Amino acid sequence: GAARGFQAFDFPRKRRDRDAQQIVPRALKWMKAGWTAEGEPGPPFFLWVHLFDPHQPYAPSPPFLPEHPTDGVTPPRIDWNILMQIADRSGGDVPGPVFERALALYAGEVAQADHWIGVLLDGLRRRHVLDRTIIAFMADHGECFGHGVFFEHYNCLYDGAARVPLILRYP
C-alpha cells in the first residue's frame, strides 16, 4: 500500500534490485520531467527516495568496496546466510576478521549512500531549487553491531538500531 497517494511510484521487485547508483538518477529524471519547457521548475513536488545500500548483503560498489583480505577465511561479501554458516563452523562465534570485514563493507555501503545523496542534492542545486526545497533525511534503522546481536536489527532496541539520524534542512 505504499504507493497510495503518489502520482508515480517506482519500487523494485526485490529491495536489492537497485542500488543508489540506479535510484538517484531515476529520481533526478523524474524531477526533470516536471519542469516546464523553458527549464523552470513546475509546481511544488514531493519526492521520497529510499536507498537500500546500507542493508544486507553488504556488497558496496567500487570505489566504496574495501579491499578484500586474502586470508582464506574472510568472504568478499557478507549477508545473513554467510554469517550463520561461518558462526556454525566456528562454534557460534563470528571470527574477528569476518566481523571486521562486515563492518568495513557496511561502512562502504554507508559511504556509497552518502555519495549518491550528494548527487541528488547537487541535482537540486543545478536546477536552482535546492534553496527552495525542504529536505528531510532519516534512516529507517541502524544495525545492532554488538550486544550479542550482530548484523541484524530485528528484535533489537539497542541504540545501534533505534537511534537513527533525522536531519531537516529548510529554506
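Residue numbers here run from 1 along each chain, matching the order of that chain's written sequence. Note on the predicted model: pLDDT of at least 70 is required for a residue's local features to be given, and 80 or more for side-chain atom pairs to be given and counted; whole-chain, interface and lining totals, by contrast, use all residues. Remark: hydrogens and water are excluded; side-chain values derive from all non-hydrogen atoms of the structure.

A.B. asks: Requested: an account of the overall build of the protein chain, with residues and values cited.
C.D. replies: Of regular secondary structure, the protein chain possesses 4 helices and 2 strands. Strands are runs of DSSP state E lasting at least two residues, helices are runs of H or I lasting at least four, and both sets are numbered from the N terminus onward. Ordered by position from the N terminus, the helices and strands of the protein chain form the series α-α-α-β-α-β. Principal-axis analysis of the C-alpha atoms places the extent of the protein chain at approximately 65 × 35 × 30 Å. Think of it in three bands: residues with accessible area under 20% of the maximum for their type are buried, residues over 50% are exposed, and the middle band is partly exposed, with areas taken using a 1.4 Å probe on protein chains only. Scored against the burial criterion, the 171 residues of the protein chain give a buried share of 32%. Any two residues whose heavy atoms approach within 4.5 Å are treated as being in contact. Restricting to contacts in the protein chain with at least 6 residues of sequence separation, those with at least 24 account for 65%. All accessible areas in this document rest on Shrake-Rupley with a 1.4 Å probe, and a residue is counted as covered only by the protein chains that are shown. Counting only carbon and sulfur atoms, one obtains 57% of the accessible surface of the protein chain, whose full area is about 11400 Å². In the protein chain, 18 side chains carry a positive charge and 20 a negative one; their mean positions are 9 Å apart. Just so you know, the count uses Lys and Arg for positive and Asp and Glu for negative, and it drops His and the chain ends. Charged groups are reduced to one reference atom each: NZ for lysine, CZ for arginine, CG for aspartic acid, CD for glutamic acid.

A.B. asks: Outline the environment of Arg18, listing residues and values.
C.D. replies: Considering the arrangement of structural elements, one finds Arg18 in the segment before α1 (20-33). The residues contacting Arg18, other than those within four sequence positions of it, are Asp10, Phe11, Pro12, Ile23 and Arg26.

A.B. asks: An account of α1 is requested, with residue identities and associated values reported.
C.D. replies: The span expected for a helix works out to 1.5 Å for each residue beyond the first. The end-to-end C-alpha distance of α1, which contains 14 residues, comes to 20 Å, matching closely the 20 Å that a straight helix rising 1.5 Å per residue would cover. Here α1 has its buried residues at Ala20, Ile23, Val24, Ala27, Leu28 and Met31. Down the axis, α1 shows its buried residues gathered within 130° of arc, on one side only. Facing away from the buried surface of α1 by more than 90 degrees, the exposed residues are Lys29, Lys32 and Ala33. Residues of α1 that are buried sit in contact with α3 (96-126). Here the arc refers to the set of directions running from the helix axis out to each C-beta atom.

A.B. asks: Can you break down helix α2 (residues 80-89) residue by residue, with the values?
C.D. replies: Three or more residues of α2 are buried, namely Leu83, Ile86 and Ala87. Considered in projection along α2, the buried side chains sweep an arc of 100° and stay on one side of the axis. Across α2 from its buried face, at more than 90 degrees, point the exposed residues Asn81, Asp88 and Arg89. Any pair of N or O atoms that falls within 3.5 Å is considered a polar contact. Within protein, one atom must be able to donate a hydrogen and the other to accept it, and sequence-neighbouring residues count only if both atoms are side-chain atoms. Where α2 starts, the residue carrying a side-chain oxygen 3.0 Å from the main-chain nitrogen of Asn81 turns out to be Asp79.

A.B. asks: Any chance you could break down the nonpolar core for me, citing the residues and the numbers?
C.D. replies: In this structure, Val24, Leu28, Met31, Leu51, Leu120 and Leu124 are the most contacted members of the largest nonpolar core, which totals 16 residues. Of all the secondary-structure elements, those providing two or more residues to this core are α1 and α3. Counting residues per element, this core draws most heavily on α1, which supplies 6 residues. Residues within four places of Leu28 in sequence aside, it is in contact with Val119, Leu120, Gly123 and Arg127. Counting 8 residues, the second largest nonpolar core, distinct from the first, contains Ile78, Leu83, Leu105 and Tyr106. Take the buried residues of types Ala, Val, Leu, Ile, Met, Phe, Trp, Tyr and Cys, join any two whose side-chain atoms come within 4.5 Å, and each joined set is a nonpolar core.

A.B. asks: Please give an account of the packing of aromatic side chains that cites residues and values.
C.D. replies: Two aromatic rings from Phe, Tyr or Trp, using only the six-membered ring of Trp, form a pair when their centres are within 6.5 Å; if the ring planes differ by under 30 degrees the pair is stacked, by over 60 it is edge-to-face, and anything between is tilted. According to the stated counting rule, one finds 7 aromatic pairs in the structure shown. Look at Phe6 and Phe9: their rings are 5.9 Å apart centre to centre, the planes differ by 45°, and that puts the pair in the tilted class. The exposure class of Phe9 is partly exposed, given its relative accessible area of 38%. On the basis of an interplanar angle of 75° and a centroid distance of 6.0 Å, the ring pair of Trp30 and Phe45 is categorised as edge-to-face. Taken as a pair, Trp30 in helix α1 and Phe45 in the loop between α1 and α2 lie far apart in primary sequence, 15 residues in all. Taking the relative accessible area as the measure of exposure, Phe45 reaches 33% and is therefore partly exposed.

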